[in-house]
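Residues per chain are reported as follows:
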Amino acid sequence: VAAAIVSGLNMLFGLFVVTAFVANAVVRDDETGFAPILRATRLRKPDYVLGRFVGSTTVACLVMAAVPIGVLVGSLMPWQDPEKIGPFILGHYAYALFVYSVPTVLVMAAGFFALATATRSLMWCYVGVIAFLVLYTASQMMLSEPELEELGSLLDPFALGALFDATKYWTVSERNTRLPELAGGLLYNRILWLSLGAVLLAVAYAVFRPEASRQTVDRKGKSV
């Protein structure tokens, strides 16, 4: 459970890192003047948009995976007390990575990739991150009432609420040796947000226009 919690919190604080990778992949060509060269080639829109998204998101996933990997390596250090850490189970770290870190990176990357594609501005992407964090905090506070716990867990893009709801009655020993099943609220949460991520990626694809990129460069006074 600890590895899953660390992965979820890592994503909460790593939004700016994810945004930097995916947004920069969109605006970099215009800012460096490389966009006209790409437009002169036979590069198709699906290849460009999906290639940029897959490449930047893969790098973001690798960066975010550093935290659960670091926790894993730290737990193996000889000075650690095995009784406090619990048994080493590799599957728990894989669970944290592929149930929490990777799906959340995909959703966040798709959202801010779409925002970068629409605005062609890193500044507005970072403003979007701040606005998202404010809305996330406010929504979780409003949905913290017992009768709204299920809804709050479903609407938590980091799935931390679903994790806490599934393990709130577990003992310390259970938290060190068990993981919540990928079912119920946690499963619905992951399905909902991955579906939303797919929709946001489709939006990014729909709003991408090479001509819009050209206009952005012209307004900045750069030659195309």
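What counts and how
Residues numbered from 1 in each chain as written. Predicted model: local features only at pLDDT ≥ 70, side-chain atom pairs only at ≥ 80, totals over all residues. Heavy atoms only, no water. Helix = DSSP H or I, 4+ residues; strand = E, 2+ residues; numbered from the N terminus. Buried < 20%, exposed > 50% of the residue type's maximum accessible area, 1.4 Å probe, protein only. Salt bridge = Lys/Arg side-chain N within 4 Å of Asp/Glu carboxyl O. Phe/Tyr/Trp six-rings, centres within 6.5 Å; stacked < 30°, edge-to-face > 60°. Lys NZ or Arg CZ within 6 Å of the ring centre and 35° of its normal.

Asker: Teacher, can you tell me more about the side chain of Thr-167 here?
Answerer: Relative to the elements of secondary structure, Thr-167 occurs in helix 10 (residues 160–167). For Thr-167, a relative accessible area of 1% translates into the label buried.

Asker: How do you make sense of the pattern of salt bridges when you look at a structure like this?
Answerer: If the charged atoms of two oppositely charged side chains come close together, the side chains can form a pair. Applying the stated criterion across every chain, the model contains two salt bridges. With a closest N to O distance of 3.1 Å, Asp-47 and Arg-44 form a salt bridge. Judged by relative accessible area, Asp-47 falls into the partly exposed class, the value being 39%. Among the ionic pairs, Lys-168 bridges to Glu-149, the shortest N-O distance being 3.1 Å. You can see Lys-168 sitting in the loop between helix 10 and helix 11 (172–177) and its partner Glu-149 sitting in helix 9 (residues 149–154), a full 19 residues away along the chain. Relative accessible area serves as the criterion here: at 27%, Glu-149 is assigned to the partly exposed category.

Asker: I keep staring at the packing of aromatic side chains and nothing clicks. Help me out?
Answerer: Two descriptors summarise a pair of aromatic rings, namely the distance from one centre to the other and the angle between the planes of the rings. Summed over all chains, the structure comprises eight aromatic pairs. Between Phe-132 and Tyr-136, the ring centres sit 6.5 Å apart and the planes meet at 15 degrees, which makes this aromatic pair stacked. Of this pair, Phe-132 and Tyr-136 both sit in helix 8 (residues 122–142), separated by four residues, roughly a single helical turn. Since its relative accessible area comes to 11%, Tyr-136 is described here as buried. Between Phe-132 and Phe-158 the ring centres are 6.3 Å apart and the planes differ by 65 degrees, which places this aromatic pair in the edge-to-face class. Taken together, the residues Phe-132 in helix 8 and Phe-158 in the loop between helix 9 and helix 10 connect sequence positions 26 residues apart. With a relative accessible area of 1%, Phe-158 lands in the buried category. Ring pairs connect the aromatic residues Phe-112, Phe-132, Tyr-136 and Phe-158, which therefore count as one cluster. When the ring centre of Tyr-205 is taken as origin, the NZ or CZ atom of Lys-45, which lies over that ring, is 4.5 Å away.

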